Structure formats: C-alpha cells, structure tokens
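Residue-level structure breakdown
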Amino acid sequence: MELQIDDSVLVKDYISGDEKALEILIQRHNQRITSFIYSKVLDRDITEDIFQDTFIKVIKTLKRGSYSEEGKFLPWVMRISHNLIIDHFRRNKRMPKFEGSDDFNIFSVIGDDKLNAEKQIIKNQIDSDLRILIEELPDDQREVLLMRIYRDMSFKEISENTGVSINTALGRMRYALINLRKIIDKNNIVLTN
Amino acid sequence: MEKIYSEEHNAYQLMTTRPEKVRFLLDFSKAVHFVVYKDMHFESIMN
C-alpha cells in the first residue's frame, strides 16, 4: 500500500520550490473542489473559471509566504473557492445576464450613447462652424442666443441681464434663429451629424 | 445568498477540472515570482 504524503508536507515542499508538490495537491483535491464549485454554480465553464481563480490565489499566497494554516490545506482552498462563488453571484446580481436568441438580439435595441471618434470630430466641426455663423448676427440677437443656448439661461434671466422685457428677448431669439437659417441657406452651408 | 448554500441541488455530481486547466495552473506557478523589498511584495510573471 502506497503511503500518501500529507498535504502539509506537500505545501512545505511547494513553498521550498518543488513544483511537483503543487501538481499532487491539485490532482488530489481536483474532484472535490470542482464538484463543490459546480454544485453551486451549475455551469461547467464558470466552474472551471472559479477553479482556476482559486488556485491562482493559492499559488500566489503560498509563493508570497503568506500561508499560515498548516494541516488545513483543503478547508482553506474550499474557503477561497466559496468566497469566489459568492463573488460570482454578487457580480451576476449586479449585472443580470441576458442571453439573446435567434429571433431577438439585445444589441438591436440598445446602443452606445457615446459618439464614436468620427462623429465626435464632426460634432466639434459643426459647433465650431456654428460659432462663426453666430458672430454674423446683430449684437442684440447674438447676445440673447448665446445666453439661451450656451449659458442655458431662462428668458426671465436673459431679460433681467439685458434690461429688456421677456417678450423682447423672445423676439430677439426668434429673429436670431431666422437670421441664422438665412445665413446658412445663403451660403449653402450644410450642418449635419 | 443563503439560498445558494441552503438549497440542495439535484445536479450535484462528481467532476474534475480539465487537464489543460491543471496544466495552465502548473505553468502559471512556474512563471510567477515574488520579490520582497522593504516589506513590499512585487509580483512578476516570466514567460
């Protein structure tokens, strides 16, 4: 009958640089740990991932010399995998998994709100062109338009700041837009995104 | 969370991790090294 080397001895050997000791430890506890993980996550691939992450932690801890639970190797590894299983479920709770089907693809209804690099460049160019066109407006109209669009001021605030009535401010804004369109049409400028 | 650990899953079965995963871990173990400098551990992976 072959004598089985104790886990604690294998751990010491591994810490001393015997890589073979790790292989024996992994093979010895492979089935127990894998089955334990699978019994919780019920997914073969996730089980493999958690098994891998568990032993990466084990390897790092042992190599760093931080392991201090001699004789309790398996419970310690099981505790690591247990924590990683909890992490997995927490992560999935925060980010619910959605699996599409042949009939419905989630990416057909959701998109990235952010502009891609090309669209951002176009937007910047339009903004820049618009500022040049606004400079062509009469002073009073330009003033109201800048306050309303770029400073996000209400017409009440604009009237207080410019010393004119709200109706006058509204009228100036209206003419500013009409004149901007005229300038755009006259110069055949195309502003699109 | 307690449900996960209190519920008995019928699908409990014995299984082992694939040999290539074990091989990866053994290779990782050989590649990873720690250097201690002033109580700080620096990890390096050599391929």
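Residues numbered from 1 in each chain as written. Chains lettered and ligands numbered in written order. Predicted model: local features only at pLDDT ≥ 70, side-chain atom pairs only at ≥ 80, totals over all residues. Heavy atoms only, no water.

Details of helix H2 (residues 19-41) of chain A
All names here are of chain A. When the local axis directions of H2 are compared, the greatest deviation, roughly 55°, occurs at asparagine 30. With 17 of 23 residues buried, H2 is to be regarded as a mostly interior element. You can read the cap of H2 off the contacts: a side-chain oxygen lies 3.1 Å from the backbone nitrogen of lysine 20, and it is on aspartate 18. (Bend = angle between axes of the 7 residues up to and from the residue. Helix = DSSP H or I, 4+ residues; strand = E, 2+ residues; numbered from the N terminus. Buried < 20%, exposed > 50% of the residue type's maximum accessible area, 1.4 Å probe, protein only. Polar contact = N/O pair within 3.5 Å; in protein donor to acceptor, adjacent residues only side chain to side chain.)

As for the packing of H2(A) against helix H3 (residues 44-64) of chain A
All names here are of chain A. The N-to-C vectors of H2 and H3 enclose an angle of 140°; their axes lie 9 Å apart at closest approach. When the axis of H2 is compared with that of H3, the two are oblique. The element H2 and its partner H3 pack so that their crossing is right-handed. The segment H2 lies against H3, with Glu19, Leu22, Ile26, Asn30, Ile33, Thr34, Ile37, Tyr38 and Val41 engaging Arg44, Ile46, Thr47, Ile50, Phe51, Phe55, Ile59 and Lys63. (Axes fitted to C-alpha atoms, helices over the stretch in contact; angles between N-to-C directions. Parallel < 35°, antiparallel > 145°, perpendicular 65-115°, else oblique. Left-handed = near helix turned anticlockwise from the far one by under 90°. Contact = heavy atoms within 4.5 Å.)

Comments concerning a nonpolar patch on the surface
All names here are of chain B. A grouping of Val35, Tyr37, Met40 and Phe42 is seen on the molecular surface, where their side chains present a nonpolar patch of about 400 Å² in accessible area. Among the secondary structure elements, those contributing two or more residues to the nonpolar patch are strand E1 (32-37) and strand E2 (40-45). If you trace the backbone, valine 35 turns up in strand E1. (Patch = residues over 30% accessible without salt bridge, like charges linked within 9 Å, V, L, I, M, F, W, Y side chains within 5 Å. Areas by Shrake-Rupley, 256 points an atom, 1.4 Å probe, with all protein chains shown as cover. Salt bridge = Lys/Arg side-chain N within 4 Å of Asp/Glu carboxyl O.)

Quick word on the packing of H3(A) against helix H2 (residues 19-31) of chain B
Between H3(A) and H2(B), whose axes approach to 10 Å, the crossing angle comes to 25°. Taken together, H3(A) and H2(B) sit at an angle that is classed as roughly parallel. Helix-helix and strand crossings are classified by hand; for H3(A) and H2(B) the assignment is right-handed. Contact residues: H3(A) offers A:Glu48, A:Asp49, A:Phe51, A:Gln52, A:Phe55, A:Ile56, A:Ile59, A:Lys60 and A:Lys63, while H2(B) offers B:Lys21, B:Phe24, B:Leu25, B:Phe28 and B:Ser29.

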